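Now for the letters of each chain:
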Amino acid sequence: MSLWVDKYRPNSLTKLDYHKAQALHLKNMVQQGDFPHLLVYGPSGAGKKTRIFCLLRELYGPGVERLRLEHMNIQTPSNKKIDITTVSSNYHLEVNPSDAGFHDRVVIQELIKTVAQTHQLDPSGQREFKVVVICEADCLTKDAQHALRRTMEKYVATCRIILVANTISRVIPAIRSRCLGVRVGAPNKEEIINILQSVCRKEGLSLPNELAERIAVQSNGNLRRAILFLETCKVQQYPFQPDQKVASHDWEIYLKDTAKMIVLEQSPQKLLQIRSRLYELMIHGIPSEIIFKGLLQELVKNCDMQLKTQIVEKAAFFEHRIHLGSKPIIHLEAFVASFMAIYKKFMEATVADLF
Amino acid sequence: MYVRLRSEEYFEQQISSITAQSRTVGLLSVPYQTLWEQAQLYIQKKLDQEEAEQRSSEPATEHTDSGCETMSEEEDSADLWVEKYRPKSYLELLSDEGANRTLLHWLKLWDKIVFNRDRKVKQKAKVDSKNENRFQKKLSHVLNDGLDEHGCPQQKVALLCGPPGLGKTTLAHMVSTHAGYNVVEVNASDDRSPDVFRTQLEAATQMRSVMGMQPRPNCLVLDEIDGAPAASIDVLIKFVLGKDTGRGARSKKKGRGGGVLKRPVICICNDVYVPALRSLRQIALIVQFPPTASSRLAQRLLEIARKQCIRTDMGALLALAEKSHNDIRSCLSVLHFFKSRKKDVRLVDIQKSSIGQKDMQKGLFSVWQEVFQIQRPRRKLFSTILAKGDDRLQPMPDLNSLEMKFDDMSLASRMLGVLKTVQCCGDYDRLMQGVYENFLSMSFRDSRLEAVSLGLEWFCTADMLSHKIHATQNYILMPYQPFAFVMWHFLFASFSWPKITYPSTGYEVIVKEQKARQILRELMRGMAPLVRIHANPAQLLFDTLPLLLQILVPTLRSVSMQLYSAREKEDLNHVISVMIDYNLNYVQERTLEGNYIYNLDPNIEELALFPGQKPARLLSYANKQLISREVELEKMRRTEARLQTDTDATKETSCSNTVLPNHRQTLQPKTISAEMQCRDFFGRVVQHGKTPADRACTDEIVKSDIWFHYKEGFSNAVRRSVKIQDLLNSGGM
Amino acid sequence: MQAFLKTGKLSGGQGSSSTTKEKSCSSGVSKKKPSLTPWVEKYRPQTVNDVVEQNDVVQVMRQCLNGADLPNLLFYGPPGTGKTSTILAAARQLFGDIYKDRILELNASDERGIQVIREKVKSFAQFSASSIRPDGRPCPPFKIVILDEADSMTPAAQAALRRTMERESRTTRFCLVCNYVSRIIPPITSRCSKFRFKPLGSELIRERLQLICSEEKVSCGEDAMKCLVETSGGDLRRAITCLQSCSRLKGPGIEIHADDVQEVAGVVPVQWVNGMLEVCHHNNYEMLTEFVDRLMQEGYCVAQLVEQLHEVIVFDNNMTDQQKSLICDKLGVCSFRMQDGGNEYIGLLDLGCTIIRTMKT
């Protein structure tokens, strides 16, 4: 617990720094001794998990902090063994079914059902139900979501499910309507700056406001990132300078460079280079939609409005197709190629206009 | 029966081949039996020949002889021609002479172990010399003549490969019968799952048939092995190499002493480059089948035609042979077909018929080549010559006319050609990957990149199609896949020779991706639970890890730890605790140059760093070493502390029955049970009370403070010299 | 089945498996622990007569209760309109106490595939049913197989079903429940009598909600009530779930406001919806991206936003019909892509660009 992100994480609902009204509501709900299934959603780094953990602590007391890692083996109907790691306390269990990839349905059916079927062992425990936290619920396959839906209905007496998702567009309506949706929006700039300042105070450092603001802007509403940036800055240089450079992520730089290469030259040979760079990004585990977003943001910079609309349309088209196919690289490259074609045509037209 | 109908030329040919062969055969160790058979055959043939000569002396118009006609018709109903005209002995084989001999020679090498003929060694030398003299050079197949310690040939498996219809199966059968084996055939129609396969292997190679006239050793022929599952082929390889660890096989073979394959195995495949066969290829004797010479085939066809009383000529048959790519089977089928229509076979008929076209599987590379290269018109049979590339897009007026059909330049025929080749190959996914990885390096003119982007859109479509097919098992969409190749052909093909590389990038990327995922999983596995609960893999990858790399590099001087300032120490401690939280440490590794470096383990640098980027700052070797040691120490300290708290906790809970540490315990005198009875030599109970002196003595010992434990229990105490005086002093106190 | 009903669900499911219908609530519902029984279960209709607004179905069911033969049924319609409730209530009335032996509910969402259809349905259908209840009263001599969520069954499984339906017709009736009738293969639809379940009128929903409010002693303002009815879109289950969640969240005795309802229902606030159109009026790409960024940070559901935009655009007075049709076309495409898992950011940007382009013309 020594990275600042972990160290200064609030651990009770009352200590949360923003969305206080919501925190109060949650506290209200828990105090009645029961709550429905929850679907917590919001952008990455907005503090969903923190909020859930505070909720659990409110519900069960500090006992939830005695955590242990468990590895479980689950066998699919097709006899494939899946290894799943769970984090659990006496009162709750956290699992990320999308670790199992395509077989997440089995995880839902086997693991969660087993947990849900067993009653709370400790009769003196305050609650008669366990909580199962399912991370990355938006990455669950449709099959898994359907299976979950049934489980939610069946074992409501012994188990509550908290789903964590970045976006609920991909959560099927059947699940959405069974859960109480809790939206956790990203903190705004001022809130981030305040938090950064308070972290620095606790560390005994002084943080110039300009730097805090730059970090807040660069973090783009992602609090985790903001605090990590802050710590990186501290390691790089202390005392802080107001004009200090804020380190950025390597993959972002790489992505931006790739985009620049695309704008610079359009030819099949270049495309081949771009392909290897895209491959490189994917090897490093950057999902294709992030690559798409990054490329799009960079590529449209030099274009006029009409071109922008064209490119955005292409991007949406190809990005959607990724989900219909199985080889993201092809779709990414198709987008790059069609951008090249459009851009080249546009450039030729402008050059022709000049003369 | 049919032998009677054989013509003169055929026999001449046969006789000549016999004379050519007879030496070889004679030199090999031919048992009496075989010789006898040979002689019988020879006599039979002579008789036949005489008869045939008689017949052939009759006028040629006897073709229409009614007896002959009815007879053949009778046979028609009974037998396919393919079966009927299957060669009946080694000498009748049509296939390439070299391949035949190599296989036979290889098979003869087995004689030592199978038939236990030792004198073979001497003869083998002769064979060798002859080999060298006569056809060693012209044969591409390298046959290793040496025998291993068990007396088996070095290459225990022969792999016959070549396009269908050249007579591979026939050859295998003929040769092994010829060499005195009983053929056991396993083909695609049999169950070839690994387990069944293994039992079959064992049965075939370790037992011999008891049925039949003379029990002969088995020779296993594995037909169509390229279609067998890879696991089965693995079984075969292990079996052949004597490494099979399967339970059944093991125990059985141990009884026989050494798990060695003692019977020849012949495998037959069409495509030797199937991935499943890769490892088999390395240990097997590969006999490539060159296509049968057209003339030879035509000759044979002519024989048969004559026998079946079909009016035809050599030219037509040559064309037929060429058209079918020298596939004996399909030629025979065509002939059969013509025969059943009772028509004459002419050149035109052959050209018109589409029957000769067969579903020929080509290698992946030839398919890719066809996609990327525009074929020049073939001028062998037809003289229509087009100008070069300029008019390649001209639509041809009449596609059904003969010229158009055989002209490879028209758009439609190009499309048909590509479509057909791709459809024949069938492995669309791999084909697509190959096109995808190669098309950008092709030389095509596309300055505006429209072709590329259009082509890539087709790739998307193809990807979606294949995904759909695999995800829903909806094979109804399969026929649409090849059309993408046509599009790519039109977009990217040129006249120049395409340089095609095997598509491996996709696979490599997958492997690397998996490795990265593995690292991440490793990292997650060991993270402190409280940290772990707030981290998921994606977040770690995007946000935490890249910055973590920088956070873990504080500015430290390369001096001893004692010399650090307070701030440096604080930094160091911070780094160490972060590393423990995230399950990181430095491990020493040796580079290729022989230097030692410290790498992070799990190596998150691999995850977060991109090629061409360098980490902003690096720690020196000494610093890493220092951190590594400190991390270990800190970990130890923490576990100790945890244990401490745990024991504390247990102590609190179990206050009542406190367990004293060993050194504080005082001994209790062992109660000697009073019931214990002493018996004298004869087993009578001896009544014998303790003397009071004894009792007093024990009491005294028990009560005194000083105890001497001799070899009692386990102690990890520190050794230290203690004087007896000290002990006495403490005793006195 | 009994167990399933007893445990029930906390909040309604949209798909099908059970639907809230007004139950003329016999006032004496014991309330030991109000928070533990989902209201959706508590106020589920108990008899066929309780089902409202679906007249033709109710008619058929009534006839059947009076002794007529029951055809194979196919219920379809939007979620929360009482499809499953109807068949369950009917079964309960038909068979009385033994109804759990006589029905087999297959939830297609976790028990799908040909194998299950074949084995379970077959073994269930093999037992013949007597026409007399254990207590001597008559009951229909057949069993009912309820296939919930039938539209998510694979075509292969559906095909396997079609022969079974005919072969077992002597002893078994099938009731398929689905949202989209177009996903059922024609051979099945032709073997069933189809009933469409209409979305409930807002008056009915309001009535029901008010009843629950008084029953559960929840104070709900007029605007909140209006908001509940609007967001439900004819789905009573959703409305009740929403009401219960709100009252839980606020704590007992505190009045529920419209904002709470909006937040719980996951509705995107009106200012954001209008903001989107406004930004597009400016014909400025940078402003659009900034707006989209902020929206994403707030974490609103973009699919929901698209739906709400549709409403706004259709009733907008400043746009020509052609503009509307162009934009709505794109709305459909966007919604579709997001269903398939497309990126929200890019999708929304695409939508914005389209609106900008159409506005200009």
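Residues numbered from 1 in each chain as written. Chains lettered and ligands numbered in written order. Predicted model: local features only at pLDDT ≥ 70, side-chain atom pairs only at ≥ 80, totals over all residues. Heavy atoms only, no water.

1. Concerning the overall build of chain A
- Broken down by element type, chain A carries 14 helices and seven strands.
- Expressed as a percentage of its 355 residues, the buried residues of chain A come to 63%.
- As displayed, chain A offers around 13,400 Å² of accessible surface, 51% of which is attributable to carbon and sulfur atoms. (Helix = DSSP H or I, 4+ residues; strand = E, 2+ residues; numbered from the N terminus. Buried < 20%, exposed > 50% of the residue type's maximum accessible area, 1.4 Å probe, protein only. Areas by Shrake-Rupley, 256 points an atom, 1.4 Å probe, with all protein chains shown as cover.)

2. Considerations on the packing of aromatic side chains
- Applying the stated criterion to the full structure yields 22 aromatic pairs over all chains.
- Consider the rings of Phe339 of chain A and Tyr343 of chain A, whose centres lie 5.2 Å apart with planes at 20 degrees: the pair is stacked. With a gap of four residues between them, Phe339 of chain A and Tyr343 of chain A both fall in helix H14 (residues 328-354), about one helical turn apart. For the pair Phe339 of chain A and Tyr343 of chain A, a shared accessibility class is recorded, and that class is buried.
- Among the aromatic residues, those joined into a ring-pair cluster are Tyr428, Tyr436, Phe439, Phe459, Phe485, Trp488 and Phe492 of chain B.
- The ring of Tyr18 of chain A has Arg51 of chain A sitting right over it, with the charged end atom 5.5 Å from the ring centre.
- Over the ring of Tyr345 of chain C we find Lys293 of chain A; its NZ or CZ atom is 4.5 Å from the centre of that ring. (Phe/Tyr/Trp six-rings, centres within 6.5 Å; stacked < 30°, edge-to-face > 60°. Lys NZ or Arg CZ within 6 Å of the ring centre and 35° of its normal.)

3. What to know about unusual backbone geometry
- Although it is not a glycine, Glu136 of chain A sits at a positive phi angle of roughly 50 degrees.
- Positive phi is not limited to glycine here, since Asn583 of chain B has a value of about 60 degrees.
- One can find Asn583 of chain B in the loop between helix H26 (566-581) and strand S6 (585-590).

4. Notes on the interface of chain B and chain A
- Taken residue by residue, the interface counts 65 residues in chain B and 77 residues in chain A.
- For the interface between chain B and chain A, the tally reads four salt bridges.
- The tally of links between chain B and chain A comes to 14 residue pairs in polar contact (both at pLDDT 80 or more).
- Taken together, the residues of the side of chain B that touches chain A sort by class into 35 nonpolar, 15 polar and 15 charged. (Contact = heavy atoms within 4.5 Å. Salt bridge = Lys/Arg side-chain N within 4 Å of Asp/Glu carboxyl O. Polar contact = N/O pair within 3.5 Å; in protein donor to acceptor, adjacent residues only side chain to side chain. Nonpolar A, V, L, I, M, F, W, Y, C, P; charged D, E, K, R; others polar.)

5. Here we look at the pairing of strand S4 (residues 172-178) of chain C
All names here are of chain C.
- Burial analysis of S4 places seven of its seven residues in the buried class, the great majority of the element.
- Alternating positions in S4 separate into two faces, Thr172, Phe174, Leu176 and Cys178 on one and Arg173, Cys175 and Val177 on the other, with burial throughout.
- By the bridge criterion, four bridges tie strand S1 (residues 73-76) to S4 in an arrangement that is parallel. Paired with Leu74 across the two strands is Leu176, which belongs to S4.
- Here strand S3 (residues 143-148) pairs with S4 via five bridges, running parallel. Across the sheet, the residue bridging to Val145 is Phe174, located in S4.
- Handedness of the S3-helix H7 (residues 155-167)-S4 crossover: right-handed. (Pairing = 2+ DSSP bridges. Right-handed = clockwise from strand over helix to strand, strands pointing away.)

6. Examining the side chain of Thr172 of chain C
Residues and elements named next belong to chain C.
- One can find Thr172 in strand S4.
- Given a relative accessible area of 1%, Thr172 falls into the buried group.
- Reaching out from Thr172, the side chain makes a polar contact with the side chain of Thr171 at a distance of 3.1 Å.
- Setting aside its immediate chain neighbours within four residues, Thr172 contacts Asn72, Ala125, Phe142, Lys143 and Val145.

7. Looking at the interface of chain A and chain C
- Counting from both sides, the interface comprises 60 residues of chain A and, opposite them, 61 residues of chain C.
- Approximately 5,300 Å² of surface area, both sides summed, lies buried where chain A meets chain C, with 51% of it carried by carbon and sulfur atoms.
- Summed over the shared surface of chain A and chain C, the number is five salt bridges.
- When the shortest N-O distance is used, the salt bridge between Glu263 of chain C and Arg183 of chain A registers 3.4 Å.
- For the pair chain A and chain C, the number of links is 15 residue pairs in polar contact (both at pLDDT 80 or more).
- For the side of chain A that touches chain C, the secondary structure elements donating two or more residues are helix H2 (20-31), helix H4 (104-117), helix H5 (142-154), helix H6 (173-176), strand S7 (180-183), helix H12 (288-299) and helix H13 (305-322) of chain A.
- When residues in the side of chain A that touches chain C are grouped by element, the largest group, ten residues, is from H13 of chain A.
- Considering only residue class, the side of chain A that touches chain C consists of 22 nonpolar, 18 polar and 20 charged. (Buried area = accessible area lost by both parts, 1.4 Å probe.)

8. Some remarks on the pattern of salt bridges
- Taken as a whole, this structure holds 31 salt bridges over all chains when the rule is applied.
- In this structure, Glu313 of chain A engages Arg357 of chain C in a salt bridge whose closest nitrogen and oxygen atoms are separated by 3.5 Å. Here the residue Glu313 of chain A occupies a position in helix H13, and Arg357 of chain C occupies one in helix H17 (residues 344-360), the pair thus bridging two chains.
- Three or more residues joined by partner-sharing salt bridges are found here, namely Glu313 of chain A together with Lys330, Arg337, Asp350 and Arg357 of chain C.

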